[in-house]
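Listed here are the chains, written in short residue letters.
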Amino acid sequence: MTTTSPTSGSTTSPAAAAGTFTIGGDLTVNRLGYGTMQLTGPGVWGAPADHDGAVAVLRRAVELGVNLIDTADAYGPYVTDALIREALHPYGDDLVIATKVGFTRQGPNQWIPVGRPEYLRQQTELNLRNLGVDRIDLLQLHRIDPTVPLADQIGELKKLQEEGKVRHIGLSEVSVDDIEAARAIAPIASVQNLFNLTNRSAEDVLEYAAANGLAFIPWFPLATGELAGEGTPLAAIAAEHGSTPSQLALAWLLRRSPAMLPIPGTSSVAHLDDNVAAAAIELSDDDYAALDAIA
Ligand SMILES: NC(=O)c1ccc[n+]([C@@H]2O[C@H](COP(=O)([O-])OP(=O)(O)OC[C@H]3O[C@@H](n4cnc5c(N)ncnc54)[C@H](OP(=O)(O)O)[C@@H]3O)[C@@H](O)[C@H]2O)c1
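Let me begin by describing the structure that accompanies this report. (Residues numbered from 1 in each chain as written. Predicted model: local features only at pLDDT ≥ 70, side-chain atom pairs only at ≥ 80, totals over all residues. Heavy atoms only, no water.)

1. Describing the packing of aromatic side chains
- Tallied over the full model, the rule gives six aromatic pairs.
- Centre to centre, the rings of Tyr75 and Trp111 are 6.3 Å apart; their planes meet at 85 degrees, and the pair counts as edge-to-face. Within this pair, whereas Tyr75 is found in the loop between β5 (68-70) and α2 (79-88), its partner Trp111 is found in the loop between β7 (103-104) and β8 (112-113), the two being separated by 36 residues in sequence.
- Judged by relative accessible area, Trp111 falls into the partly exposed class, the value being 26%.
- With centroids separated by 4.5 Å and ring planes inclined at 75 degrees, the aromatic side chains of Trp219 and Phe220 adopt a geometry described as edge-to-face.
- In this structure Trp219 comes out as buried when scored by relative accessible area, which is 18%.
- Look at Phe220 and you get partly exposed, because its relative accessible area is 30%.
- Among the aromatic side chains, those forming a connected cluster through ring pairs are Phe195, Phe216, Trp252 and Tyr288. (Phe/Tyr/Trp six-rings, centres within 6.5 Å; stacked < 30°, edge-to-face > 60°. Helix = DSSP H or I, 4+ residues; strand = E, 2+ residues; numbered from the N terminus. Buried < 20%, exposed > 50% of the residue type's maximum accessible area, 1.4 Å probe, protein only.)

Right, here's the structure in full:
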């Protein structure tokens, strides 16, 4: 395993070391991003135990060159949008905030999709207001609501796009058929599905995204921490190479596809530093194969 100069992207910041991806043809981001879901209370409900620590993590992410930040109205709800605004507003020109609508919350760990157009519109308006922006860079439908026609859900997001309130539309936790059905209604720029070294059930979606120019944003890139820290299946290989398990899990994702934009979550500045350093790790073929075999 070597830490080498990147072959693409800017070399000015740690997050840039894995190169860039251009979302929807006009939004270029460093491929290693950050997901905010760990910055809430337990069960993704309420405020974080350490408010100032959460603000510090967001500021550090941007300092490290992270310019793709994933959030959702349902995180808290509204907690992470407010933290992003507090920590980072006014936003730099190159910062892409990807948010989501379509999940309602009844309490800790409870998530129910609601895709009625008036609700998707309301939540888009609330995301705009809470984030303090005029237009959402990437608005992802958190889940397709099976009780509402897809044309009504994607159709409403398209209307919001035509009104200038949304730049790009993305999907979350979908099949290839879902993506194709959505693309028949509106342009789709990204897909966000569960994917990591030990859970590759969305491989077909990844392949489809890469072949069709969509960003693939893997959620749970560290398997909610099971691939990070000591005692993970990656610990032995990491020790041999002077890396950390989370870095190897992320380096494997980054090498797996040029369309891959991991958004590891953490509430710790030290873990963030650890994770972002993964962007500079270039796996040899043997290392990649050894990691691949762990799954
Ligand atoms: N679209 C969807 O439906 C969906 C669903 C889930 C998540 N997401 C998005 O995906 C993002 C990533 O998912 P996630 O945050 O749930 O899971 P994750 O990134 O797979 O793992 C996060 C967990 O790993 C730990 N961790 C992170 N870096 C570490 C390190 N270097 N060393 C040791 N432990 C480390 C974190 O604890 P510490 O806080 O202690 O670091 C946390 O418990 C979320 O933040 C969210 O933006 C989307």
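2. Section: the pairing of strand β10 (residues 166-172)
- Counting buried positions along β10 gives six out of seven residues, so the element sits mostly inside the fold.
- Note that the unit made of strand β9 (residues 136-141), helix α4 (residues 150-162) and β10 has a crossover that is right-handed.
- Bridge analysis of β10 against strand β11 (residues 190-194) gives three bridges, and the strand direction is parallel. Counted as the bridge partner of Leu171 is Val191 from β11.
- A crossover links β10 with its parallel partner β11, the connecting element being helix α5 (residues 176-183), and its sense is right-handed. (Right-handed = clockwise from strand over helix to strand, strands pointing away. Pairing = 2+ DSSP bridges.)

3. Observations regarding the sheet that holds strand β4 (residues 34-35)
- If you trace the seven strands from one edge of the open sheet to the other, you get β4-β5-β6-β9-β10-β11-β12, paired in parallel fashion. Each edge of the open sheet is held by one strand with a lone partner, namely β4 and β12 (215-219).
- Alignment of β4 against β5, held across two bridges, turns out to be parallel. Within β5, the position partnered with Tyr34 by the bridge is Ile69.
- The strands touched by helix α3 (residues 117-131) are β6 (96-101), β9 and β10; relative to β6, the strand with the most contacts, the crossing angle is about 145 degrees.
- α4 contacts β6, β9 and β10 of the sheet and is inclined by roughly 160 degrees relative to β10. (Contact = heavy atoms within 4.5 Å. Axes fitted to C-alpha atoms, helices over the stretch in contact; angles between N-to-C directions.)

4. Points about the site of the ligand
- Near the ligand, the surroundings consist of 29 residues, among which Asp70, Leu222, Thr266, Ser267 and His271 are the closest.
- Thr36 places a main-chain nitrogen or oxygen 3.5 Å from an oxygen atom of the ligand.
- Protein contacts shield 88% of the accessible area of the ligand, which totals 900 Å² for the unbound molecule.
- A total of three residues in the shell around the ligand trace back to one element, the largest contributor, which is helix α9 (residues 269-276). (Near = heavy atom within 4 Å. Polar contact = N/O pair within 3.5 Å; in protein donor to acceptor, adjacent residues only side chain to side chain. Areas by Shrake-Rupley, 256 points an atom, 1.4 Å probe, with all protein chains shown as cover.)

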